[in-house]
Amino acid sequence: MSLYKAFFKIIKKNRFSVILYFVITLGVLMLLNGIYANNESKKATLDKYSIYVENQDDSEYAKAVVGYLTDAHKVKDKELTGDQIKDLLYYEQIVAYIRIPKGFGETFAATGENKIVNTYDDSMPVGIYISLQLDNYLNSLRGYVEQGLSVEEASKKTTESLDITKYVSVNAEEQQRFGTQKGNFNYLPFGIISVLIMGVFPAVVSFSQGEKKNRIQVSSITPGKRNGWIFAGAATFSLVLLLILVLVATFMGGSSGGVPGYVDDGAASAASSTFIFSETWWLAVANACVYTLVVAMMISMLANIPFLAAAPAAAFSNIIGLGFCFLGGTFVPLSILGDGVLKVGRFLPNYWYSTAVNRIFEGGTLSDVWDCFAIQLGFGFACLFIGLAVARVTADQKQVN
């Protein structure tokens, strides 16, 4: 029992580092929660640019074009001189100057010719984008008019047909089913690996080096009991950490989490109550448990290899923790990582943890994610056996010497 207490005394000495990484994890979860919550149910929108439109024609077609541009962009309503327009374009206060010449409507109705002049800075692709918008609008407008519709009716149908945002909107019902818990659970590996390395690694190493090791060896405690109490301390710390992070990831997805600008309309809170203890929740928790066990095995390897055990815990937390998270889909979704990164990531537990999260929150069952669990555990056992083998060889060498 004394070893068990001593284990936590060592962790207490490193409490500032442990608390720092824990607070960083909570802070990022709050930030991600606010981003996801503010964007889950939003409809996709197109950017609106500041432009100036000069209408020299009095036809219905010209008025329809002005109406379309006014809805699509921010049109300057103040009358400007030529020099003022040049200055605004130069200082990028407007991105385009649209001039509808006299006779445009008559010519367009007769031949379909587009005489609208778009003046913009050639170095800014926005001007070309607006020209393409105009061309698409006019082509569609003429097509509807030829079908017998009035210019006003044709303009309305054209505007509706060109509104691509209705085809690119987030499926709010599906995305809000479990609030923002997917993003929260996907980020948990950073907190798990960082806090465990900063807390458990120094404690495990301290019992196998220096005065502590010598005193333990001459004491009445058997090696089995010694390892058992150390394991119990590491397991207790890991389980407490896992429990806290799982609760935060579960319930933070159903509330504002203290993020400014997020209003909980009740749907997210209902999502959390539906999520907890569901099959998806249990699988997500099981995935986090497997990853925690794998990290513990990896720490055992690091502590048993002499030249690694001598390294500071912060180095492993930054190099291994950040490296695993960047390459394994913790910080960046796997879907947008490059092929080269994915090839490397497949050898890391974070990759399979993130893959399991994606499958779980897409409605997967245990049969869909068991391979991800198995590969993570395979990585962990490989680390454990390497550490034990190195420790055995090192011990044999010391006995020979």
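Up top is the structure.
Residues numbered from 1 in each chain as written. Predicted model: local features only at pLDDT ≥ 70, side-chain atom pairs only at ≥ 80, totals over all residues. Heavy atoms only, no water.

One finds Phe7, Phe185, Leu188, Ile192, Ile193, Leu196 and Phe201 to be the most contacted residues of the largest nonpolar core, which totals 73 residues. Beyond its immediate sequence surroundings of up to four residues, Phe7 is in contact with Val200, Ala203, Val204, Phe207, Ile230, Gly233 and Ala234. (Core = buried A, V, L, I, M, F, W, Y, C linked by side-chain atoms within 4.5 Å. Buried < 20%, exposed > 50% of the residue type's maximum accessible area, 1.4 Å probe, protein only. Contact = heavy atoms within 4.5 Å.)

Pairing between side chains becomes possible if they bear opposite charge and their charged atoms approach one another. Applying the stated criterion across every chain yields a total of three salt bridges. With a closest N to O distance of 3.3 Å, Glu146 and Arg142 form a salt bridge. Highlighted residues: Glu146 and Arg142, both in helix 6 (residues 125-146), separated by four residues, approximately one helical turn. Glu146 sits in the exposed class, given a relative accessible area of 57%. Given the relative accessible area of 24%, Arg142 is considered partly exposed. (Salt bridge = Lys/Arg side-chain N within 4 Å of Asp/Glu carboxyl O. Helix = DSSP H or I, 4+ residues; strand = E, 2+ residues; numbered from the N terminus.)

Our next topic: the sheet that holds strand 4 (residues 117-119). Taken together, four strands build an open sheet; the order of strands is 2-1-3-4 and the sheet is mixed. The open sheet has two edge strands, strand 2 (74-76) and strand 4, and neither has a second partner. Neighbour to neighbour, the strand axes of the sheet diverge by 30° on average, direction disregarded. Note: strand 3 (residues 96-100) against strand 4, three bridges, orientation antiparallel. Note on strand 4: the bridge partner recorded for Ile98 is Asn118. (Pairing = 2+ DSSP bridges. Axes fitted to C-alpha atoms, helices over the stretch in contact; angles between N-to-C directions.)

Most of strand 3 sits inside the fold, with four of its five residues counted as buried. Pairing of strand 1 (residues 50-55) with strand 3 involves five bridges; the strand directions are parallel. Across the sheet, Glu54 pairs through a bridge with Arg99, a residue of strand 3.

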